[in-house]
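Listed here are the chains, written in short residue letters.
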Amino acid sequence: MSSRDLILNRVRRALAGVPDVEIARAYRGPTSAPGDIRLFEQRVRDYRAVVHVVDEAGVADRVARSLAGRGARRVVVPAGFPSAWSAAEGVAAIADDPPLSAAGLDEVDGVLTTCAVAIAETGTIVLDAGPGQGRRALSLVPDYHLCVVRAARIVAGVPDAVARLDPTRPLTWISGPSATSDIELNRIEGVHGPRTLEVLIVT
Amino acid sequence: MRVALFVTCVNDTLFPDTGRAVVRLLRRLGVEADFPHAQTCCGQMHANTGYRDEAVRLAKRGVAALRGYDAVVVPSGSCAAMIREQYPRLAGPRGPFADAVARVVPRTYELTEFLVDVLGVTDVGAYFPHRVTYHPTCHSLRGLHLGDRPLTLLRAVKGLELVPLPGAEECCGFGGTFALKNADVSAAMCADKARAVLGTGAEVLCAADNSCLMHIGGMLGRQKSGVRVMHLAEILCATETAGVR
Amino acid sequence: MSVTFLGMPADRPFPRNAARAVRDSQLRFNLRKATGTIRARRAGVVAEAPDWAELREAGKAIKEHTLRNLDRYLVQLEEAVTAAGGRVHWAAGAAEANRIVADLVKATGETEVVKVKSMATQEIGLNEALLEHGITAYETDLAELIVQLGDDRPSHILVPAIHRNRAEIREVFAEHMSGWGRPAPDDLTDDPAALAEAARLHLRERFLKTKVAISGANFAIAETGTMVVLESEGNGRMCLTLPRTLISVVGIEKVLPSWRDLEVFLQLLPRSSTGERMNPYTSMWTGAAEGQEFHLVLLDNGRTGVLADEVGRQALRCIRCSACLNVCPVYERTGGHAYGSVYPGPIGAILTPQLRGMGSELDRSLPYASSLCGACYEVCPVAIDIPSVLVDLRSRARHSWPERAGMAAAGWVFERQGRLAALQRAGGRLRRFVPRRLPGPLGRWTDTRDLPEVPRESFRDWWDRTDGGRR
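Note that the structure is predicted; figures quoted are calculated from it, not measured.

Colleague: Could you give me a rundown of the overall build of chain C, with the residues and numbers involved?
Modeller: Within chain C one finds 23 helices and 10 strands. Based on the C-alpha atoms only, the size of chain C along its principal axes is roughly 90 × 55 × 45 Å. With 471 residues in all, chain C has 66% of them scored as buried. Look at the contacts in chain C between residues 6 or more apart in sequence, and 75% of them connect residues 24 or more apart. Here chain C contributes 62 positive and 58 negative side-chain charges, whose respective centroids are spaced 8 Å apart.

Colleague: Describe in detail the domain arrangement of chain C, supporting the description with residues and values.
Modeller: Assigned domains of chain C: these are domain 1 (14–303) and domain 2 (405–466). Taking only C-alpha atoms into account, the centre of domain 1 of chain C sits 52 Å from that of domain 2 of chain C.

Colleague: Account for the arrangement of the chains, with residues named and values stated.
Modeller: Where 2 pairs of chains are in contact, the pair with the most contacts is made of chains A and C. What separates chain A from chain B at the closest point of their C-alpha atoms is a distance of 15 Å, and the two make no contact.

Colleague: Could you give an account of the packing of aromatic side chains, with specific residues and numbers?
Modeller: For the coordinates displayed, the defined rule picks out 13 aromatic pairs over all chains. Ring geometry for Phe35(B) versus Trp463(C): centroids 5.7 Å apart, planes at 45°, classification tilted. Of the two residues, Phe35(B) sits in the loop between strand E2 (33–34) and helix H3 (44–49) while Trp463(C) sits in helix H23 (residues 459–466), which places them in two different chains. Side by side, Phe35(B) and Trp463(C) carry an identical accessibility label, which is buried. An aromatic cluster is built from Phe35(B), Phe459(C), Trp462(C) and Trp463(C), whose rings are joined through pairwise contacts. The ring of Tyr73(C) is capped by Arg72(C), whose NZ or CZ atom sits 4.7 Å from the centre of that ring. Directly above the ring of Trp445(C) sits Arg449(C), whose terminal nitrogen or CZ lies 4.7 Å from the centroid.

Colleague: Pulling in residues and values, what's your account of the nonpolar core?
Modeller: If you look at the biggest cluster of nonpolar residues, it comprises 158 residues, and the most contacted ones within it are Trp173(A), Phe173(C) and Leu262(C). Membership of the second largest hydrophobic core comes to 39 residues, among which are Val7(B), Ala126(B), Val132(B) and Ala238(B).

Colleague: Go over the environment of Ser83(A), please, and point to the residues and values.
Modeller: By secondary structure assignment, the location of Ser83(A) is in the loop between strand E2 (74–76) and strand E3 (92–94). Sequence spacing of Ser83(A) and Ala93(A) is 10 residues, and the spatial spacing of their C-alpha atoms is 9.4 Å.

Colleague: With reference to specific residues and values, describe the sheet that holds strand E12 (residues 196–202) of chain A.
Modeller: Picture the strands of a sheet paired through backbone hydrogen bonds; they go either parallel or antiparallel. Residues and elements named next belong to chain A. Here we have 6 strands laid out as an open sheet, ordered E1-E12-E7-E4-E2-E3, and parallel in their pairing. What marks the edges here is a single partner per strand, and that holds for strand E1 (50–54) and E3. Between one strand axis and the next, the sheet turns through 25° on average, direction left out of account. As judged from the 2 bridges shared by E2 and strand E4 (residues 110–113), these two strands associate in the parallel manner. Residue pairing for E4: Val76 is matched across the bridge by Val111.

Colleague: Explain the interface of chain C and chain A to me, using residue names and the numbers behind them.
Modeller: How big an interface is tends to be stated in terms of the accessible area lost upon association of its parts. If you look at the interface, chain C gives 90 residues, while chain A gives 71 residues. The junction of chain C with chain A conceals about 7000 Å² of combined surface from both sides, 59% of it contributed by carbon and sulfur atoms. For the interface between chain C and chain A, the tally reads 15 salt bridges. The partner of Arg25(A) in a salt bridge is Asp261(C), with the nearest N and O atoms 2.6 Å apart. There are 40 residue pairs in polar contact (both at pLDDT 80 or more) connecting chain C and chain A.

Colleague: Quick one: what's the story with the domain arrangement of chain B, residue by residue and with numbers?
Modeller: Residue and element names in this part refer to chain B. Split by domain assignment, chain B resolves into domain 1 (3–118) and domain 2 (131–237). Here the C-alpha centre of domain 2 lies 22 Å away from the C-alpha centre of domain 1. Between domain 1 and domain 2, the contact holds 28 residues from the first and 21 residues from the second. Approximately 2000 Å² of surface area, both sides summed, lies buried where domain 1 meets domain 2, with 65% of it carried by carbon and sulfur atoms. Taken together, the connections running from domain 1 to domain 2 amount to 1 salt bridge. Its salt-bridge partner being Asp117, residue Arg149 comes within 3.0 Å of it at the nearest N-O pair. One can count 12 residue pairs in polar contact (both at pLDDT 80 or more) joining domain 1 with domain 2. Going through the elements one at a time, helix H1 (9–14), helix H2 (16–28), H3, helix H5 (77–91) and helix H7 (111–118) are the ones with two or more residues in the side of domain 1 that touches domain 2. If one sorts the elements of the side of domain 1 that touches domain 2 by residue count, H2 sits on top with 7 residues. Each residue belonging to the side of domain 1 that touches domain 2 can be placed in one class, and the counts come to 12 nonpolar, 8 polar and 8 charged.

Colleague: I'd like a rundown of the state of the cysteines, residues and numbers included.
Modeller: Enumeration according to the criterion identifies 0 disulfides over all chains in this entry. No disulfide involves Cys190(B); its sulfur sits 6.0 Å from the nearest other cysteine sulfur, which is in Cys172(B). Cys190(B) gets classed as buried once you look at its relative accessible area, which sits at 0%. Looking at the unpaired Cys373(C), the closest cysteine sulfur is the one in Cys138(B), lying at 4.5 Å.

Conventions adopted
Residues numbered from 1 in each chain as written. Chains lettered and ligands numbered in written order. Predicted model: local features only at pLDDT ≥ 70, side-chain atom pairs only at ≥ 80, totals over all residues. Heavy atoms only, no water. Helix = DSSP H or I, 4+ residues; strand = E, 2+ residues; numbered from the N terminus. Buried < 20%, exposed > 50% of the residue type's maximum accessible area, 1.4 Å probe, protein only. Contact = heavy atoms within 4.5 Å. Lys, Arg positive; Asp, Glu negative; His and termini not counted. Charge placed at Lys NZ, Arg CZ, Asp CG, Glu CD. Domains from an automatic or database assignment. Phe/Tyr/Trp six-rings, centres within 6.5 Å; stacked < 30°, edge-to-face > 60°. Lys NZ or Arg CZ within 6 Å of the ring centre and 35° of its normal. Core = buried A, V, L, I, M, F, W, Y, C linked by side-chain atoms within 4.5 Å. Pairing = 2+ DSSP bridges. Axes fitted to C-alpha atoms, helices over the stretch in contact; angles between N-to-C directions. Buried area = accessible area lost by both parts, 1.4 Å probe. Salt bridge = Lys/Arg side-chain N within 4 Å of Asp/Glu carboxyl O. Polar contact = N/O pair within 3.5 Å; in protein donor to acceptor, adjacent residues only side chain to side chain. Nonpolar A, V, L, I, M, F, W, Y, C, P; charged D, E, K, R; others polar. Disulfide = S-S within 2.5 Å.

If you want it as C-alpha cells, here you go:
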C-alpha cells in the first residue's frame, strides 16, 4: 500500500463515527467601510517604520526627498510603478528587465513599490506581485523599501484583506521592517529583510 | 432552602477551624447548613493523579451524600471545581450516575459564590484589624472564575487592610501530588510565591483553599517568616465580639 | 508499531531533568525575563482585540471541523497543489519523510540547503538525516542558528534559544560562526542589534547563492493549495523566494479548509505567539510560484494515532504559537530541555506522550509535568483543554507500586466515613508524634515545607460533639 493510502486509511479509521462540528463566525468579519487612514499610519509607526502622509501632487517630491535622505542613488522600480513618482533627480531607476540576479539586487540602494492592500488595524501592507510591485525578491533583498500606499487600498482589518486578495498570486504581508524577538524575546528591528521600511500614504 | 456543607476531606481532617467558621458565618447570615456525614473526599487527588476508577467510586459516593439539597457549599475552590468540571466527565453522558451528577452540579457553590450570588451579601459584618493579602488560587480563578467575589467580601471587612499580591494569578506550585512528584519545581514555584507574599508586608495570607495555603504556609513556616495563613472563611467569620476563632 | 521519533533522546524522567534545571540560576533568570516580557506583550494585544473570544471559538471550530474531515481536505489539498504545478509526497513516518527530502535534494545535484525554522523537520531530525547523505542544512532563523552553531538543542517552539541570554549568544557567535561560514566580526558585542547584524552578514551570501530551500508551513489551504509561512526576520522570505527548488515538510494537521479561514488564524497566531498585532512577514504561495520547483511533503509520523483518541485529538488543533509555554509556571522554571522532546511545555506534555507513546520513563512522566493550574488552557488560541488531556493521559500511565498502594489505601479510607473518622481520631491522639521530616517519598514535602499541625479534633467529631456548634 502506498503511504498516501496508508495515511488516508488511518485517518478514516480514526474518524469512524465522529460527529462534525458547526463553525460559528461571530467575530468581526469583512466590512465595506474603508480603513481608517490615521489608524493605519499610527499602527505602521508602531513597528518603527517611517510614515508620511501626502496628497497626490506631493508624492514625487516626497519620494525624491526620502531617497535623497537615504542617499539612495540606484533604486529598483518594478514595472507598473507610476513613472511620475520615481523621476527623482540624481536617482537611477533600475528596471527588473531582464530580471536582476539576487546578487544584483543586493547591490542596489533600495526599492520602490506600491501595494495591493493595506490593513489599518495591524499596520500591514500586502504585495501581490501586481503592477508597481514586481516579483517577491524585489522588496526583499534591497535593504531599503519605500512603499507608496493609496488611501483607497487601506481596509479596516484582516478579514477585509483576506477577502480582497487573490490566493493564486504570490503574496507577501509586511508589517514593519525585518525584526526578531529571538534574543531574550525583545523585539529588535533589522535582520535579513529590509532594515528600513518607509511608507507613503497618498490621500 | 436546604443547604449542605461539603467541608472537604482536607478541612475535615486538618483544618476543622475552617469548617467551623463556615458554619458560624452562615448561621450569622441566617442559614443553617447541614453536614451530610456520608461525605468523605471528592476524589480529586485520585482523578488528578491518574486513578480514575477510584475517583469514580468517590464521586459516586459524593453525589449520593449530597442528594436532595438545594445548595451545596464548598469552602475550597479546587474541590468545588472538581465537582463542577470533572464529575460530568467522569460520569459520561448517560446513566444514573450522570443523572445524579447533573442534579448536584448546578447546585454546587464555592463559599464566596454562595455568599455573593445566592445570599446576595458582600458585607458579612466581619471585623479583622490586620494587613491581609489574597492569593486567588488557580481553580478558583481559572476553573470557577470567582473573579472579584473574594476581594469584594474582604474589602467590606471592618479594620482589614487589603494589600495586592504581585503575580497573584500565578500558581503556588501545590497541584496535589505534583508537590511530591515534581517536588523541586513545586518548591521553586512556592519559593517565588512566598517571596511575593513577604514583599507585601502582610501579616496574613488569605485564600479560599486550604490545600494551597498548607503549601505556601508550610514554606512560610519553614522560613520562620511570621506570616500567618488563613482561610477566607475564618476572616469573614471574625467579629469584634467573637474575635478570630 | 515502530516508535515515533521526535528529534530528541528520551532518557531520564521529567522530575530528574527538572531538578537539575531549577538549580541553574542563569537559566531561571533568562527564562523568567523572556517569558515575562512575552506574557505582557501577548496580554496587551489580546486585550486590544474586541472579538478575541469569538475568534478563539471560531479557530477551535475550524480546526475541529478540519480534523473530522481530514481525509477529504488532504486529498483536496493534494489536487490543488498539483493543479498549481507543485508535487505532493506522502510520508507515513520520519524515516520516509527524510528519505523523500534527501532524494529530492540529490536530484537537484546540490549538497547545501537553507532552512526556514520548522517544527516538523525538527521533529523528524531532518538535518541529521541529510548529513548522512552528504547534504548540509543551514538553519537561517536567528534562534535556530544559535542552536545549530552552539551544537545545542531547541528549548522552545517559537524561540528555540530562549534559554540563552545575549552574552551567551555572543560567545556562540564569536566562537562558532567561522566553522559554518563567514566569521563573526572581531569587535562583536552582546548588543542585540549587533548580534542580529552579525547573523545578517553571516547568512547573506548563503541566501543569495543556495539553490534549494526546506521549509515547513503554518497553514496549507485545501481549497486553493496555498501554503502560508509566518516569520519575523526575512530569512523565511529569503528561503521561500530565492532558491530554485523549495521543499515544504508539513504535518497533516496543518491543513485548513478554505482561504477565508486565514482571516481567523492570521489574527490568532501573531497575537498569541510573538504578542504582535501582526508578525513582520507572512508569505503565501500556491504551487510552483514565479517559476520555482515546489514539493510538498505531507507528514503523518504518529498524528493519525492521536487523531484516533477521543480526548487527546484536540492536541492536533495546535498552531504552535507557544503561548502555553510562555505562561506555564513549570516551563518557566525548567526550560524546554527537561521535556526531552522538540515539543516542550504544556502542549509538549500532551503531544509527546501521544505521538511517542508512554513506553519510556520520560514519556510516562510528562503528563505529570504540570500543577494543572490551567493557565495554558486560558491562553490557548484554539482552546485546547490541556489540563483535561493531561488528566486523561495520567489515567493511562503505568504507576509505581508504592504509589498504587498509597492510592489504594487512601481510596479504602475514603470509601467509608467511619474509616475516615477512625483515622482522624488516631491522628488526633498521635499528633505529638508527627515527625518534622517525613520518611520516603513524603519527605519531598518536608524537605522544604512544614507540615500543618494535626488538630485534636476533626470537623466531623466537632460537629457531632456540639451538634454543629449549637450546643
